[in-house]
Every structure is written in C-alpha cells, then in structure tokens.
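# An overview of the molecular structure
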Amino acid sequence: MKRCPYCGYANYDVAQECRRCQSPFRVRAIQAPASRSFLFGPDKAHTLRSKALSLVVLGLMMKVLWGGYGPWPVPDDAALNSVRTLIEPLFLTGGLTAYCTGWILRWI
Ligand SMILES: [Zn+2]
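Criteria and cut-off values
- Residues numbered from 1 in each chain as written.
- Predicted model: local features only at pLDDT ≥ 70, side-chain atom pairs only at ≥ 80, totals over all residues.
- Heavy atoms only, no water.
- Phe/Tyr/Trp six-rings, centres within 6.5 Å; stacked < 30°, edge-to-face > 60°.
- Lys NZ or Arg CZ within 6 Å of the ring centre and 35° of its normal.
- Domains from an automatic or database assignment.
- Donors = N, O, S within 2.8 Å, 3.2 Å for Na, K, Ca; no water.
- Tetrahedral: all angles 85-135°; square planar, octahedral: opposite > 155°, others 65-115°.
- Helix = DSSP H or I, 4+ residues; strand = E, 2+ residues; numbered from the N terminus.
- Expected span 1.5 Å × (residues − 1).
- Buried < 20%, exposed > 50% of the residue type's maximum accessible area, 1.4 Å probe, protein only.
- Contact = heavy atoms within 4.5 Å.

### A few points about the packing of aromatic side chains
- For the structure on display, the rule yields one aromatic pair.
- Judged by centre distance (5.4 Å) and plane angle (75°), the rings of Trp 103 and Trp 107 are edge-to-face.
- Looking at Lys 44, its charged tip hangs above the ring of Phe 40, at a distance of 5.9 Å from the centre.

### What about the domain arrangement of the protein?
- Examined at the domain level, the protein breaks down into domain 1 (1-28) and domain 2 (42-105).
- Measuring from the centre of the C-alpha atoms in domain 1 to the corresponding centre in domain 2 gives 64 Å.

### Remarks on the coordination of the zinc ion
- Coordination of the zinc ion by the protein comes from Cys 4 (SG), Cys 7 (SG), Cys 18 (SG) and Cys 21 (SG), over a distance range of 2.2 to 2.3 Å.
- Around the zinc ion sit four donor atoms, and with donor-metal-donor angles ranging over 105 to 115° the site reads as tetrahedral.
- When the donors of the zinc ion are listed by position in the chain, the intervening gaps give C-x2-C-x10-C-x2-C. Within this pair, whereas Cys 4 is found in the loop between strand 1 (2-3) and strand 2 (10-11), its partner Cys 18 is found in the loop between strand 2 and helix 1 (42-66), the two being separated by 14 residues in sequence.

### Let's talk about helix 1
- With 25 residues, helix 1 should cover 36 Å at 1.5 Å per step; its first-to-last C-alpha distance of 35 Å lies within 8% of that length.
- All of the buried residues along helix 1 are Ala 45, Arg 49, Ala 52, Val 56, Gly 59, Met 62 and Trp 66.
- Looking at the buried positions of helix 1, the neighbouring elements they touch are helix 2 (78-105).

In structure tokens, the structure reads:
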C-alpha cells in the first residue's frame, strides 16, 4: 500500500500516481554504477589477459608436442630445435608476465 503524501489516500503499491488527486509519486532514482575513469581499464586488461593466455597455451603446446614429451616423433633438426628453445621460454614467461600485468592493470 502506497499512501499519498498530499491527500493521504491509500493507493496500490505499483501506482505511479494517486487515484484520488492524481499527484505523481516520486520515482526513486535508479542508482547508476559509479563510472570510474581508468588509465588502462578492465576491458583492455581482459583483452591483454586473453592474448597472454593464448601465448602461454601456445608455449605449452610447443613444449609438449615438439619437446619430445610424447610417443610421437619430433623433428631432429638443430636449427629448428634452436628456434624452439628460443621461442618456447619467450612464449611461456612472456605470456605469464603479460597475464599477471593484465591482472594488475584492470584496476589502473
Ligand atoms: Zn493523493
């Protein structure tokens, strides 16, 4: 029951205005979420984290599939292996660093 502040008439709870005097009830303002300005922001940080995660996954796949951890044959080429030993830690550590950075940057 919503009582009219002007005439005291008891209205329905969903009433937008008084049935007797037609005075409108005050509509409670919907609180908008506090918009904060970010230097980096959660959206960009999320994008960075997802890219970093794909780098980590790529590095792990490279390690498992190419590093000789399975029954499958791996290319036994010195040049290819030197490329792998260069790229794999770059992907893994770089991806992890970028992920942690993105985790921190979402508040900044
Ligand atoms: Zn009224």
